[in-house]
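One letter stands for each residue in the lines below.
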Amino acid sequence: MTLILRDIEGFVYEEVAEMLGVNLGTVKSRLVRGRACLRQLLLADDAERTRNASATLANGPYQAQVSQGEEA
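Everything numeric here is computed off the predicted structure, so don't read it as measured data.

Reading the values: the criteria
Residues numbered from 1 in each chain as written. Predicted model: local features only at pLDDT ≥ 70, side-chain atom pairs only at ≥ 80, totals over all residues. Heavy atoms only, no water. Helix = DSSP H or I, 4+ residues; strand = E, 2+ residues; numbered from the N terminus. Contact = heavy atoms within 4.5 Å. Phe/Tyr/Trp six-rings, centres within 6.5 Å; stacked < 30°, edge-to-face > 60°. Lys NZ or Arg CZ within 6 Å of the ring centre and 35° of its normal.

S.K.: Would you mind showing me how to read the environment of Y13 here?
M.R.: Take Y13: it is sitting in helix 2 (residues 13–20). Expressed as a C-alpha distance, the spacing of Y13 and L24, which sit 11 residues apart in the sequence, is 6.6 Å. For Y13, the contacting residues outside a window of four places in its chain are R6, L24, V27, K28, L31 and R35.

As structure tokens, this is what we get:
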């Protein structure tokens, strides 16, 4: 919720703290942890997409033609 209120909704730190009923330091620490978690999720998703794209290219319909020396 902290990440959404601050980074997506655009509230300032003090407003987020008031809305959530927590200290300003708590908002800042939650943002650091939330951003790090989001970063890891996005990097993992990107890595998965890259693996899937590589597998698709390696096993795709054009692979047989390239293997036989034809241009795709």
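S.K.: I'm lost on the packing of aromatic side chains in this one. Help?
M.R.: When we look at a pair of aromatic rings, we describe it by the centre distance and by the angle of the planes. Under the defined criterion, the tally for this structure stands at zero aromatic pairs. One cation-aromatic arrangement involves R6 over Y13; the distance from NZ or CZ to the ring centre is 4.6 Å. The ring of Y13 has K28 sitting right over it, with the charged end atom 5.7 Å from the ring centre.

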